[in-house]
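Residues per chain are reported as follows:
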Amino acid sequence: MSETLYDRLGGQAGIDKLVNRIVDLHLQNNVAGPRYQALTEEATDHAREKVKEFLAAGSGGPVEYTGRSMLETHTGMNVSAAEFVAVVDDIMQAMNEMDYPGPVCDEVLGIAYSLKGEIIHK
């Protein structure tokens, strides 16, 4: 039986750590940061938990995603291409900081870019 992306990310503990770092980077990001900084702490925490759930479920973990679709979540936000790239850059920075192997980073990058059409300018 081959290892899932969930396993390669370190299971739920690895995903939790990764998402927490990603959100911290988003809050500091000059391009995407203003969107995240405008959220209440409660909204930020909710988003953080839904991203953890989304990544765990989508990477083959024993988790059911209970949030809205990417399209539903981003409709009306008018996310720019620059914001999307900034967010993806934060994801890659967090993964590099945590020493994930290149193939794991590439797989996550591929997933992120597969969602681009459901996020940008909706």
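Look above for the structure.
Here the structure is a predicted model, which is why all the values come from computation and not from measurement. (Residues numbered from 1 in each chain as written. Predicted model: local features only at pLDDT ≥ 70, side-chain atom pairs only at ≥ 80, totals over all residues. Heavy atoms only, no water.)

## As for the pattern of salt bridges
For side chains bearing opposite charge, pairing can occur when the charged atoms are close.
Working step 1: Following the criterion strictly, the structure yields 5 salt bridges and no others.
Working step 2: Across the pair Arg35 and Glu83 runs a salt bridge whose closest N-O atoms are separated by 2.7 Å. Linking Arg35 in helix α3 (residues 33-37) with Glu83 in helix α6 (residues 81-97), this pair joins segments that are 48 residues apart in sequence.
Working step 3: Judged by relative accessible area, Arg35 falls into the partly exposed class, the value being 29%.
Working step 4: Glu83 sits in the buried class, given a relative accessible area of 13%. (Salt bridge = Lys/Arg side-chain N within 4 Å of Asp/Glu carboxyl O. Helix = DSSP H or I, 4+ residues; strand = E, 2+ residues; numbered from the N terminus. Buried < 20%, exposed > 50% of the residue type's maximum accessible area, 1.4 Å probe, protein only.)

## A look at the side chain of Glu83
Working step 1: At a separation of 2.7 Å, a polar atom in the side chain of Glu83 contacts the side chain of Arg35.
Working step 2: With near-sequence residues (within four places) excluded, Glu83 lies in contact with Val31, Ala32, Arg35 and Asn78. (Polar contact = N/O pair within 3.5 Å; in protein donor to acceptor, adjacent residues only side chain to side chain. Contact = heavy atoms within 4.5 Å.)

## Regarding helix α7 (residues 102-114)
Working step 1: When the terminal C-alpha atoms of α7 are compared, their 18 Å separation across 13 residues agrees well with the 18 Å that a helix rising 1.5 Å per residue should span.
Working step 2: Those residues of α7 that fall on the buried side of the exposure criterion are Val104, Cys105, Val108 and Ala112. Along α7, the residues classed as buried sweep out an arc of 100 degrees about the axis, all on the same side. The exposed set on the far side of α7, more than 90 degrees from its buried face, consists of Pro103, Asp106 and Ser114.
Working step 3: Buried-residue contacts for α7 involve α1 (5-8), α6 and α8 (116-119). (Expected span 1.5 Å × (residues − 1). Arc of directions from axis to C-beta.)

## Description of the nonpolar core
Working step 1: Ranked by internal contacts, the top residues of the largest apolar core, which has 22 residues, are Leu9, Ile15, Leu18, Ile91, Met95, Tyr100 and Val108.
Working step 2: For this core, the secondary structure elements donating two or more residues are α1, α2 (11-28), α4 (41-58), α6 and α7.
Working step 3: With near-sequence residues (within four places) excluded, Leu9 lies in contact with Gly14, Ile15, Leu18, Leu55, Ser59, Met95, Tyr100, Val104 and Val108. (Core = buried A, V, L, I, M, F, W, Y, C linked by side-chain atoms within 4.5 Å.)

## A look at the packing of α2 against α4
The axes of two packed helices give the description: the angle between them and the distance between them.
Working step 1: Remark: α2 packs on α4, axes separated minimally by 9 Å, with the N-to-C direction vectors making an angle of 135 degrees. Compared by their axis directions, α2 and α4 come out oblique. Crossing angle aside, the handedness with which α2 passes α4 is right-handed. Facing α2, whose interface residues are Gln12, Ile15, Asp16, Leu18, Val19, Asn20, Val23 and Asp24, α4 presents Thr44, Arg48, Val51, Lys52, Leu55 and Ala56.
Working step 2: Looking at the contact of α2 with α4 residue by residue, the class counts come to 7 nonpolar, 3 polar and 4 charged. (Axes fitted to C-alpha atoms, helices over the stretch in contact; angles between N-to-C directions. Parallel < 35°, antiparallel > 145°, perpendicular 65-115°, else oblique. Left-handed = near helix turned anticlockwise from the far one by under 90°. Nonpolar A, V, L, I, M, F, W, Y, C, P; charged D, E, K, R; others polar.)

That is the geometry; function is a separate question.
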